[in-house]
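Each chain, written out:
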Amino acid sequence: MSVPEPPESPSTTCFFHTDRVTGRRCTRCGRPACPDCLHDASVGAHCWECIGAAQPSRRERAERSVRNNARDPLLVTKTLIGLNVAMFLVQVVNGSGLGSMFGGGSSVTNFEFKYGLVTQGVAVGEWWRLVTSGFIHFGIMHILFNMLILYRLGMDLEPGIGHTRFATIYTASLLAGSFGMVLLDSGGVGGGASGAVFGVAGAATVALWQRGVRFYNTGWGPLLAINLVLTFTLPNVGVGAHLGGLIAGSILGAVMLHPRRIAASPVVGYVLAAAIIVGSFGGALWVAHAKYPHCTKIAGEIYCPR
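Remember, it's a predicted structure, so these values are computed and weren't measured experimentally.

Q: Quick question: what am I supposed to make of the nonpolar core here?
A: Where a protein is soluble and globular, its nonpolar side chains tend to be buried together. With 39 residues, the main nonpolar core has Leu150, Leu153, Phe166, Ile169, Tyr170 and Leu257 as its most contacted residues. When residues of this core are traced back to their parent elements, those giving at least two are helix H3 (75–93), helix H8 (140–161), helix H9 (163–183), helix H10 (194–210), helix H11 (220–233), helix H12 (239–256) and helix H13 (265–291). In this structure leucine 257 touches Leu157, Ile161, Arg165, Ile169, Ala203, Ala207, Gln210, Arg211 and Leu252, once residues within four positions along its chain are discounted. Residues Val122, Leu130, Leu175 and Met181 belong to the second largest nonpolar core, which totals 11 residues.

In structure tokens:
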């Protein structure tokens, strides 16, 4: 007696490439799939649709990116350097020639005149100069020197004190430096991150000194002393910016970075920083107007009759 053969199982085709016969299936959804549609996974193989469905949404990816960036210990330092470099590139695009880029030119472009610190401009209400001037640099050596020091300061200070306090000290020092420039106005167009950098260096020096480190062993103390000497001896150096930034940063360093803070002192530190920022901003506007009360702005141009 003959035994009947079992019926042949129907051939199975790939869920996507319907003209391809396959004996494999996605271990996640169970659908038949050809080798081109399957990708090895930790367990089995998944089809490309299941892999796509498992990916986080665009919003989730953006939120994850923000969280990862927030963990960068030098987030503020890198952001500030990026802003300064971007502004310098914009200066170049707007006419800063090779001579100016390497510190050899004396001319100022229209862009630098518009966003640099010109006290007469502040006197007619162009308040943004107090901020934008802190990102204007006159020459490749100017920005290179400031950014190198800022990066070193960020490496030493930002991971220890956090993003918020580092950014607060930098901002307050920048505006205090602009106020100092207006107070000691010597004419021309001012700019550079030196005031803010001096302030952060002053804060670091004071913080280390409060922890028992001698001034000349802090690393930043001797550099500040040398730069202060150069400030008063070299031409075309923003004395007011350096002094204003240094004073503001040192005061904030003494309060915000004190090793034995009382419970309320973090709040006190931020209140003090806000007072310095508002006082520097308002003081610069008042002093500029008091120095140049007759300056006016007509059709976008500044006129200061004698």
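Next, the rest of the story.
Q: Sorry, what's going on with the packing of H9 against H10 here?
A: In helix packing, the relevant descriptors are the interaxial angle and the interaxial distance, both defined with respect to the helix axes. Taken N-terminus to C-terminus, the directions of H9 and H10 make an angle of 130 degrees; their axes are 7 Å apart at the nearest point. Judged by the inter-axis angle, H9 sits oblique to H10. Crossing hand, H9 versus H10: right-handed. Between H9, through Phe166, Ile169, Tyr170, Ser173 and Leu174, and H10, the contact on the second element is made entirely by Gly195, Ala196, Gly199, Val200 and Ala203.

Q: Looking at this model, I keep getting lost on the state of the cysteines. Mind explaining?
A: Disulfide: a covalent bond connecting the sulfur atoms of a pair of cysteines. Inspection of the entire model under this criterion finds 1 disulfide. The disulfide bridge from cysteine 295 ends at cysteine 304, spanning 1.9 Å between sulfur atoms. Between cysteine 295 and cysteine 304, the S-S torsion sits near 115 degrees, and that sign places the bridge as right-handed. According to the relative accessible area criterion, cysteine 304 is partly exposed, its value standing at 32%. Distance from the sulfur of cysteine 14, which forms no disulfide, to the nearest cysteine sulfur (cysteine 34) is 3.7 Å. Residue cysteine 14 is classed as buried on the basis of its relative accessible area, which comes to 1%. Here cysteine 29 stays free of any disulfide, with the sulfur of cysteine 26 as its closest cysteine sulfur at 3.7 Å.

Q: Looking at this structure, how should I read the packing of H11 against H12?
A: The contact between H11 and H12 brings their axes to 9 Å, and the two run at 150 degrees. When the interaxial angle is binned, H11 and H12 end up roughly antiparallel. Considering how the two elements wind past one another, H11 and H12 form a crossing that is left-handed. Contact residues: Leu224, Leu228, Thr231 and Phe232 in H11; Val239, His242, Leu243 and Leu246 in H12. When its residues are assigned to classes, the contact of H11 with H12 shows 6 nonpolar, 2 polar and no charged.

Q: Would you mind going over the packing of aromatic side chains with me for this structure?
A: Here a ring pair, both rings aromatic, is described through the centre-centre distance and the interplanar angle of the planes. Under the defined criterion, the tally for this structure stands at 6 aromatic pairs. Measuring from centroid to centroid gives 6.4 Å for phenylalanine 15 and phenylalanine 16, while their planes differ by 55 degrees, and the two rings are tilted. Judged by its relative accessible area of 47%, phenylalanine 16 falls in the partly exposed class. Ring plane angle 45 degrees and centroid distance 4.9 Å describe the contact between phenylalanine 111 and tyrosine 115, whose orientation is recorded as tilted. Taken together, the residues span about one helical turn, with phenylalanine 111 and tyrosine 115 both in helix H5 (residues 110–115) at a distance of 4 residues. The exposure class assigned to tyrosine 115 is partly exposed, which follows from its relative accessible area of 23%. What links up through ring pairs into an aromatic cluster is the set Phe15, Phe16 and Trp48.

Q: Whenever I open this one, the pattern of salt bridges confuses me. Can you help?
A: Between side chains of opposite charge, a pair can form as their charged atoms come close. Taken as a whole, this structure holds 6 salt bridges when the rule is applied. Its salt-bridge partner being lysine 78, residue aspartate 72 comes within 3.1 Å of it at the nearest N-O pair. Notably, a salt bridge pairs glutamate 126 with lysine 297, separated by 2.8 Å at the nearest N-O pair. Of the two residues, glutamate 126 sits in the loop between helix H6 (119–123) and helix H7 (129–132) while lysine 297 sits in strand S3 (residues 296–298), which places them 171 residues apart along the sequence. Residue class for glutamate 126 comes out buried when judged on its relative accessible area of 4%. In this structure lysine 297 comes out as partly exposed when scored by relative accessible area, which is 40%. Within this structure, Glu126, Arg129 and Lys297 form a network of salt bridges that share partners.

Q: Looking at this structure, how should I read a nonpolar patch on the surface?
A: Together, Met141, Leu144 and Leu148 line one region of the surface with nonpolar side chains, adding up to about 310 Å² of accessible area. Its location among the elements puts leucine 144 in helix H8. Residue classification places leucine 144 among the partly exposed positions, given a relative accessible area of 40%.

Rules used in this analysis
- Residues numbered from 1 in each chain as written.
- Predicted model: local features only at pLDDT ≥ 70, side-chain atom pairs only at ≥ 80, totals over all residues.
- Heavy atoms only, no water.
- Core = buried A, V, L, I, M, F, W, Y, C linked by side-chain atoms within 4.5 Å.
- Buried < 20%, exposed > 50% of the residue type's maximum accessible area, 1.4 Å probe, protein only.
- Helix = DSSP H or I, 4+ residues; strand = E, 2+ residues; numbered from the N terminus.
- Contact = heavy atoms within 4.5 Å.
- Axes fitted to C-alpha atoms, helices over the stretch in contact; angles between N-to-C directions.
- Parallel < 35°, antiparallel > 145°, perpendicular 65-115°, else oblique.
- Left-handed = near helix turned anticlockwise from the far one by under 90°.
- Disulfide = S-S within 2.5 Å.
- Nonpolar A, V, L, I, M, F, W, Y, C, P; charged D, E, K, R; others polar.
- Phe/Tyr/Trp six-rings, centres within 6.5 Å; stacked < 30°, edge-to-face > 60°.
- Salt bridge = Lys/Arg side-chain N within 4 Å of Asp/Glu carboxyl O.
- Patch = residues over 30% accessible without salt bridge, like charges linked within 9 Å, V, L, I, M, F, W, Y side chains within 5 Å.
- Areas by Shrake-Rupley, 256 points an atom, 1.4 Å probe, with all protein chains shown as cover.

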